[in-house]
Amino acid sequence: MSVQPTGPSPNLRGRTLGSGRDWRRRVVLHHVPLAVVSAALFALFMDLVLASPQPQLDMTGASVFPQEATPMNGRGDGGTAFMSRGFMARSTAATGYVATGLLALTLLIGPANLLFRKRNPVSSYLRRDVGAWTAIVSVVHVVLGLQVHGRGGDVVSFLTYFIADGLPRTNSFGLGNWTGLVATVIAVGLLAISTDRSMRELKSRRWKSFQRLNYGLFALVVLHAFFYGALLQMTSPFALGLIGTVMAVLVIQLVGIWLWRRRHARAAAIHRERQPTDATQ
């Protein structure tokens, strides 16, 4: 949750999570841990793809396995094995799940502030920094993904992800790419306005209304994973992880809503109790 109570908030303990604006402090406490965790998760997911192959969908909607490496130059020589389509597919899947986890974390910071009875401001630097890493990993995911099915770096190759025979792709592959495209635009847009200057120029209310697109972004990411076959094998660790992430976000958001409403009710009650006293003074 990200809406700040309008009245006094009783029994709040300390400042919000990640509220320090000092850049060096944020590098040490936010960016370095996020980089290490992201790298560790990427390595873990790369191993999981090999140990527990998860089918994905190709341009025709058929299931393929990312560990089935086909060298991009088509010659099959060992020098290009590292840059094979199979490696790119595994990297794409790994970065996709890392980005999803980071995005989920941005949605859990607000409820965590409420749960620990801390202030829940319109913006916190921790949430911004996690969001920045979400956008960065998402862009890497897109760049790697374009290498899997594309046949070159030109515009025509890029458009084949979205258009076939002059019409938008409406199969699972196409819908996965369209949802991914919209999600990437939103992620990069949110990153662009995640600055103090943007917040001053847009004002808090308008700035926050844009930032709430984060909820829609999460829904698009889940749909993107679904269309790309994340749930084709319901017993795989990837499917279970995605379902668990969605459930965790939904449950904790509901808890956050309940805590936010309770805090507002308490603030309103205190305000009503003070009114008669203020009127007699």
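Structure shown above.
Residues numbered from 1 in each chain as written. Predicted model: local features only at pLDDT ≥ 70, side-chain atom pairs only at ≥ 80, totals over all residues. Heavy atoms only, no water.

1. Some words on the nonpolar core
Among the nonpolar cores identified, the biggest contains 19 residues, and F45, L102 and V137 are the most heavily contacted of them. The set of elements that each furnish at least two residues to this core consists of α1 (23-51), α2 (85-115), α3 (125-149) and α9 (237-280). In contact with V137, not counting residues within four places along its chain, are T95, V98, A99 and L102. (Core = buried A, V, L, I, M, F, W, Y, C linked by side-chain atoms within 4.5 Å. Buried < 20%, exposed > 50% of the residue type's maximum accessible area, 1.4 Å probe, protein only. Helix = DSSP H or I, 4+ residues; strand = E, 2+ residues; numbered from the N terminus. Contact = heavy atoms within 4.5 Å.)

2. What about empty space enclosed by the protein?
Summed over the entire model, instances satisfying the criterion amount to 1 cavity of 30 Å³ or more. Estimates place the volume of the largest cavity at around 340 Å³. If one sorts the elements of the lining of the largest cavity by residue count, α3 sits on top with 6 residues. (1 Å grid on protein atoms, 1.4 Å probe; cavity = no way out; pocket = protein on both sides within 12 Å on 5 of 7 lines; lining within 4 Å. Points joined across faces, edges and corners; volume = space filled by probe spheres on them.)

3. Notes on the packing of helix α5 (residues 172-192) against helix α8 (residues 213-227)
As a packed pair, α5 and α8 sit with axes 8 Å apart at the nearest point and diverge in direction by 155 degrees. As far as their axial angle goes, α8 and α5 are roughly antiparallel. Handedness of the crossing formed by α5 with α8: left-handed. Along the contact surface, α5 presents S172, L175, G176, T179, G180, V182, A183, I186, A187 and L190, while α8 presents L213, N214, L217, L220, V221, L223, H224 and F227. Across the contact of α5 with α8, the residue classes break down as 12 nonpolar, 6 polar and no charged. (Axes fitted to C-alpha atoms, helices over the stretch in contact; angles between N-to-C directions. Parallel < 35°, antiparallel > 145°, perpendicular 65-115°, else oblique. Left-handed = near helix turned anticlockwise from the far one by under 90°. Nonpolar A, V, L, I, M, F, W, Y, C, P; charged D, E, K, R; others polar.)

4. Describing the environment of T184
With respect to the helices and strands, the residue T184 is situated in helix α5. Overall, the relative accessible area of 19% leaves T184 in the buried class. Along the primary structure T184 and L217 are separated by 33 residues, whereas in three dimensions their C-alpha atoms are 8.5 Å apart. Within the local environment of T184, its side chain forms a polar contact with the backbone oxygen of G180, the two atoms lying 2.8 Å apart. (Polar contact = N/O pair within 3.5 Å; in protein donor to acceptor, adjacent residues only side chain to side chain.)

5. A look at α5
Along its 21 residues, α5 runs 30 Å from first to last C-alpha, staying within 8% of the 30 Å computed at 1.5 Å per residue. Taken together, the buried positions of α5 are occupied by F173, G174, G176, N177, T179, G180, A183, T184, I186, A187 and L190. (Expected span 1.5 Å × (residues − 1).)

6. Points about unusual backbone geometry
Phi is positive for D165, close to 55 degrees, though the residue is something other than glycine. Looking at where D165 falls in the secondary structure, it is placed in the loop between β3 (163-164) and β4 (167-168). For D165, a relative accessible area of 81% corresponds to the exposed category. Although it is not a glycine, K203 adopts a positive phi angle of roughly 70 degrees. Within the element layout of this structure, K203 appears in the loop between α6 (196-202) and α7 (204-211).

Don't take any of this as a statement about function, it's just geometry.
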